[in-house]
Amino acid sequence: SLRHEDLILSRGTAKVVLSGTPDALDVPSFTLTIPDQGLALDKETLALGLLAIRGRAELRNGAVRLSEGTISSGALGTATFSATYAGGSLSGRFKASALPVAAAAAAFPDPSLRERLLEWSPEGQAGLEGVLGLGSTGIEVAVSGTMSGLGLASPDGRILAQEGGGRFALRLMKNGTA
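Residues numbered from 1 in each chain as written. Predicted model: local features only at pLDDT ≥ 70, side-chain atom pairs only at ≥ 80, totals over all residues. Heavy atoms only, no water.

A. Up close: the nonpolar core. Listed in full, the twelve residues of the largest apolar core are Leu9, Ile34, Leu39, Leu46, Leu48, Leu51, Leu76, Ala79, Ala96, Leu99, Ala103 and Ala107. Excluding anything up to four places from it in sequence, Ile34 contacts Leu9, Arg11, Gly12, Leu39, Gly49, Leu50 and Leu51. Judged by nonpolar contacts, the second largest core, of five residues, contains Phe30, Ile53, Ala57 and Phe81. (Core = buried A, V, L, I, M, F, W, Y, C linked by side-chain atoms within 4.5 Å. Buried < 20%, exposed > 50% of the residue type's maximum accessible area, 1.4 Å probe, protein only. Contact = heavy atoms within 4.5 Å.)

B. Summary view of the pattern of salt bridges. For the structure shown, the criterion picks out six salt bridges. Between Asp26 and Arg60 there is a salt bridge, with its nearest N and O atoms 2.9 Å apart. Within this pair, whereas Asp26 is found in strand β4 (residues 24-34), its partner Arg60 is found in strand β7 (residues 51-60), the two being separated by 34 residues in sequence. Linking Asp156 and Arg158 is a salt bridge whose minimum nitrogen-to-oxygen distance equals 4.0 Å. Overall, the relative accessible area of 54% leaves Asp156 in the exposed class. (Salt bridge = Lys/Arg side-chain N within 4 Å of Asp/Glu carboxyl O. Helix = DSSP H or I, 4+ residues; strand = E, 2+ residues; numbered from the N terminus.)

C. Region of the structure containing the environment of Ser10. Note on placement: Ser10 falls in the loop between β2 (7-9) and β3 (13-21). The exposure class assigned to Ser10 is partly exposed, which follows from its relative accessible area of 39%.

D. Inspection of helix α2 (residues 111-119) at higher detail. Between the side-chain oxygen of the N-cap and the backbone nitrogen of Ser112 there are 3.0 Å, and the N-cap of α2 in question is Asp110. Just beyond α2, the residue with positive phi is Ser121, at close to 45°. (Polar contact = N/O pair within 3.5 Å; in protein donor to acceptor, adjacent residues only side chain to side chain.)

E. Broad picture of the layout of surface pockets. Put simply, the largest pocket is a space of about 1,500 Å³. Looking at the lining of the largest pocket element by element, the count peaks at five residues for strand β9 (residues 77-86). Tallied by class, the residues present in the lining of the largest pocket amount to 31 nonpolar, six polar and one charged. (1 Å grid on protein atoms, 1.4 Å probe; cavity = no way out; pocket = protein on both sides within 12 Å on 5 of 7 lines; lining within 4 Å. Points joined across faces, edges and corners; volume = space filled by probe spheres on them. Nonpolar A, V, L, I, M, F, W, Y, C, P; charged D, E, K, R; others polar.)

F. Broad picture of the sheet that holds strand β13 (residues 160-175). Pairing is antiparallel across the open sheet formed by nine strands, whose spatial order is β3-β4-β7-β8-β9-β10-β11-β12-β13. With one partner strand each, in any of the chains shown, β3 and β13 form the two edges of the open sheet. The sheet shows a mean angle of 5° between the axes of neighbouring strands, taken without regard to direction. Pairing of strand β11 (residues 123-135) with strand β12 (residues 138-153) involves twelve bridges; the strand directions are antiparallel. Within the sheet, the bridge partner assigned to Gly127 lies in β12 and is Thr146. (Pairing = 2+ DSSP bridges. Axes fitted to C-alpha atoms, helices over the stretch in contact; angles between N-to-C directions.)

Written out as structure tokens, the structure reads:
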């Protein structure tokens, strides 16, 4: 079991190819495979299906650079990412398209909110693209996305929405020590 605060990896396999020296380590390929229900957040198992995280990494002078990253989820589809950690700061980018809204709702870690979301029978797809910055001056996350084919129905059947869609942009910042 691997535990970091409230994220718990209970099962999984890792395959890592290494080359170089301790001061200039290259990881031309890595794969972390986590079976369905092998990952939990706040003690709630995440319904992600089989999860595979793949990519490349370079470690130089205390800095880590991840590139050509993909996260494939049996429930949510595939996302790409890159990230750099250097000098106490983390920055990264991610992109995902055609994420099924119903599967995202089912994977939500808070059981009470997940139940309320699923009661509305969500459907459709979302695409997300964003950047992340985390350092001594704070946290910044910027996400933009598109949604298509969105639909929902209230539990009592009084409200019905179909074929919704649109674009959105969101920027979150928190100043202070990250």
